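# A closer look at the structure
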Amino acid sequence: MGTQPIVPSLRRAASRPQPAPPAAADAWQAMTAELKPPLTAEEAMAESYRCLLCGGPYAQAPCVVACPSEVDIPGFIAAIGEGDARRAGEIVFAHNPLGGTCARVCPTEVLCEAACVLVHEGQRAVDIGRLQRYATDALLAAPAPSPAPAPAGRRVAVVGAGPAGMACAARLAELGYAPTVFDERPEEGGLVRYAIAPYRELADPLPAERRRLEALGVRFVFGHRIDGPQALRALEAEFDAVFLGVGMGEDSSAGIEGEHLPGVWTSLPFIEAIKAGRLPEVGARVAVIGGNTAMDVAREAVRLGAREVTVLYRRTEAEMPAFRHEVEEAKAEGVRFSWLTAPLRFVGRDRLEAVECRYMRLGEPDASGRRRPEPVPGTEFLLPVDTAVEAIGQRPRAEFAQWIEGLRFEGGRIACDPATGQTDNPRYFAGGDDVNGGDTVVEAVRWGKAAAEGIDRYLRAGGSGR
Ligand code: SF4
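Residues numbered from 1 in each chain as written. Predicted model: local features only at pLDDT ≥ 70, side-chain atom pairs only at ≥ 80, totals over all residues. Heavy atoms only, no water.

### So, the overall build of the protein
When helices and strands are tallied, the protein shows 20 helices and 16 strands. The C-alpha radius of gyration computed for the protein amounts to 24 Å, which stays within 12% of the reference 23 Å derived for 466 residues, consistent with globular compactness. Taking the principal axes of the C-alpha coordinates as reference, the protein spans close to 70 × 55 × 45 Å. For the protein, the share of sequence-separated contacts (at least 6 apart) that also reach a separation of at least 24 residues comes to 70%. Working note: accessible area of the protein is about 20,300 Å², and carbon and sulfur atoms make up 52% of it. (Helix = DSSP H or I, 4+ residues; strand = E, 2+ residues; numbered from the N terminus. Rg over C-alpha atoms; globule rule 2.2 N^0.38 Å. Contact = heavy atoms within 4.5 Å. Areas by Shrake-Rupley, 256 points an atom, 1.4 Å probe, with all protein chains shown as cover.)

Shown next, in the form of structure tokens:
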């Protein structure tokens, strides 16, 4: 009894022949095949010659202006053209301690490459992302430098070994401070390691980037959870300032009936399972609910062998909070989109069998300025699926407001001075996803660097309540 489908329309769908799931090795190969493979030396050299080496003493090149971490792009491309790829890598890392990671995961199509002057002359942009990958790979291939002793300067705790924390620690070490990075996970990288699609970056070059930071004197303490006020008081007793690069919390859920059913996932555990090599068996039909992260999840479902992958989004394509090129790439890979569609409940007896949905229409603008989706009565329908993934964002780490005196949240984000990252508790600084609600890796790097400068100013001015 319990195994009978409970939705009549599902019986037809369930009786259709299902494709055999791909062999695990094939799925893993598809999952980890890089979207942007590395350039050969010849390709890198040829591509570097396309660059006009714009900019000068009075104006930065437009690609540099568009880069949140202000990498000297013409500088490193010129070094590649001179045949010195390692020096090119050093130029990148001087501005961005996660230069190898950003070369892989940055949406260059909307940042530096969108600003490239060649585009305005009707040509293809210089392939800045892959040139940066070439340069940083060359440098990271050199023997790992030995860890340096911590600088003798004042001590700063960095909570979170994600991009913001690593960038903050790197800049602090360069400024002469002794930063210690704490993370509850066993490895560095934060969401880059656990939540970025494996076809963008699996794990490398994060370990090599961490070793470069250790060579600057940054100390990492993994498996150390900051889980309450006592843990923070211990940091306050030992460190002069604290940087919070804790990101956002767990996935939000739609809070609808049936979320407990096997076959219903939220995005972070789904991606983390894939990155750990535990490939979920998604079946033939997958629904993905949400916007930006939904693009990666949907494309991962395609690589897992799903035959029909449908993204459900309650507004129209124009409001979709995903990069345009990623939507187009997902479409090219066969992902379908059901616009103006909201899930009402997950349906199934022993496991997920369908998502009940309803069509929406756009009403008046809400507080965010976007037109509010409103239900269209009588348009309910069942979408038969084997797996559904909710990718609708993450919860704020609001517990920190109870643990840290004076820390304030605004709209689910830590409130801070955007120029320095300093919070309303002057010893605490913040940056990255926990202050912007979730943005690019390179934007988190920018926040980390800015907060390090803010901490430096604060401590040089005599700050610290120790
Ligand atoms: Fe080179 Fe384009 Fe940057 Fe000019 S804008 S320096 S051509 S990458």
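### Quick word on the site of the ligand
Every residue lining the ligand is accounted for by C51, L52, C54, P62, C63, P74, C116, V117, V126 and I128. Mapping the ligand onto the cavity grids shows that it belongs to the second largest cavity. Residues that form the shell around the ligand fall into these classes: 10 nonpolar, no polar and no charged. (Near = heavy atom within 4 Å. 1 Å grid on protein atoms, 1.4 Å probe; cavity = no way out; pocket = protein on both sides within 12 Å on 5 of 7 lines; lining within 4 Å. Sits in = over half its atoms within 2 Å of the grid points. Nonpolar A, V, L, I, M, F, W, Y, C, P; charged D, E, K, R; others polar.)

### Considering the domain arrangement of the protein
Looking at the assigned domains, one finds that the protein contains domain 1 (41–140), domain 2 (156–249 + 395–460) and domain 3 (252–391). Each of domain 1 and domain 2 has a C-alpha centre, and the two are 26 Å apart. Summed over both sides, the interface of domain 1 with domain 2 buries roughly 1,600 Å², with 71% coming from carbon and sulfur. Taken together, domain 1 and domain 2 are joined by zero salt bridges. In this structure, the connection of domain 1 to domain 2 is made through five residue pairs in polar contact (both at pLDDT 80 or more). When residues of the side of domain 1 that touches domain 2 are traced back to their parent elements, those giving at least two are α6 (85–95), α7 (99–105) and α10 (128–140). Ranked by residues supplied to the side of domain 1 that touches domain 2, first place goes to α7 with six residues. Tallied by class, residues from the side of domain 1 that touches domain 2 come to 11 nonpolar, six polar and one charged. (Domains from an automatic or database assignment. Buried area = accessible area lost by both parts, 1.4 Å probe. Salt bridge = Lys/Arg side-chain N within 4 Å of Asp/Glu carboxyl O. Polar contact = N/O pair within 3.5 Å; in protein donor to acceptor, adjacent residues only side chain to side chain.)

### Focus on the nonpolar core
As a rule of thumb, nonpolar side chains are buried together in soluble globular proteins. The biggest cluster of nonpolar side chains holds 36 residues, and the ones touching the most others in it are L172, F243 and I455. Elements represented by at least two residues in this core include exactly α7, β1 (155–159), α11 (163–174), α13 (206–216), β4 (241–244) and α20 (441–460). A per-element tally of this core places α20 first, with nine residues. Taken domain by domain, the makeup of this core includes at least three residues from each of domain 1 (41–140) and domain 2 (156–249 + 395–460). Every residue in contact with F243, bar those within four places of it in the chain, is listed here: A157, V158, V159, A164, G165, C168, F429, A430, G431, G448, A451 and I455. M31, V282, V286 and L304 belong to the second-largest nonpolar core, a separate cluster that totals 25 residues. (Core = buried A, V, L, I, M, F, W, Y, C linked by side-chain atoms within 4.5 Å. Buried < 20%, exposed > 50% of the residue type's maximum accessible area, 1.4 Å probe, protein only.)

### Description of helix α16 (residues 292–303)
Helical periodicity: at 3.6 residues per turn, an α-helix aligns residues three or four positions apart in one direction. Counting buried positions over the 12 residues of α16 gives nine, a clear majority of the element. For α16, the set of buried residues is A294, M295, D296, V297, A298, R299, E300, A301 and R303. Phi for G305, located one or two positions after α16, is positive at around 105°.

### Focus: the pairing of strand β9 (residues 341–347)
Of all seven residues in β9, five are buried, a share of seventy percent or more. Two strands pair when backbone bridges link them, and β9 and strand β10 (residues 354–365) are joined in this way by six bridges, in the antiparallel orientation. By the bridge assignment for β10, V347 is matched with A354. The turn linking β9 back onto β10 is made up of six residues. (Pairing = 2+ DSSP bridges.)

### Side note on the sheet that holds strand β2 (residues 178–183)
Pairing is parallel across the open sheet formed by five strands, whose spatial order is β3-β2-β1-β4-β16. Looking at which strands have only one partner, the edges of the open sheet turn out to be β3 (219–222) and β16 (428–430). Here the average twist between neighbouring strands, direction ignored, is 20°. Inspection of the sheet shows β1 paired to β2 by five bridges, in the parallel sense. If you follow R155 over to β2, its bridge partner there is A178. (Axes fitted to C-alpha atoms, helices over the stretch in contact; angles between N-to-C directions.)

### Structural notes on empty space enclosed by the protein
Overall, the coordinates contain three cavities of 30 Å³ or more when judged by the stated rule. Lining the largest cavity are 16 residues, with C67, C106, T108, C112 and Q132 sitting closest to its centre. Secondary-structure elements contributing two or more residues to the lining of the largest cavity are α7 and α10. Ranked by the residues each element gives to the lining of the largest cavity, the list is headed by α10, at three residues. Partitioned by chemical class, the residues of the lining of the largest cavity number 11 nonpolar, five polar and no charged. Size it by volume and the second largest cavity reaches roughly 100 Å³. (Points joined across faces, edges and corners; volume = space filled by probe spheres on them.)

### As for the side chain of T423
Among the secondary structure elements, T423 is positioned in the loop between β15 (413–414) and β16. At a separation of 2.9 Å, a polar atom in the side chain of T423 contacts the main-chain carbonyl oxygen of N425. With residues near it in sequence (within four places) discarded, T423 still touches L407, I414, A415, C416, Y428, F429 and A430.

### Considerations on unusual backbone geometry
The residue after D204, namely P205, is reached through a cis peptide bond having omega 10°. In this structure, P205 sits in the loop between α12 (191–195) and α13. Positive phi, normally seen in glycine, also occurs at E70, with a value near 55°.

### Points about the sheet that holds strand β6 (residues 285–290)
One open sheet holds the five strands; their spatial order is β5-β13-β6-β7-β8, and the pairing between them is parallel. Looking along the sheet, the strands with just one partner apiece sit at the ends: β5 (264–266) and β8 (336–338). Each neighbouring strand pair of the sheet contributes to a mean axis angle of 25°, computed without reference to strand direction. Two strands pair when backbone bridges link them, and β5 and strand β13 (residues 387–391) are joined in this way by three bridges, in the parallel orientation. Residue pairing across strands places T266 opposite E390, the latter belonging to β13. α16 contacts β6, β7 (308–312), β8 and β13 of the sheet and is inclined by roughly 170° relative to β7.

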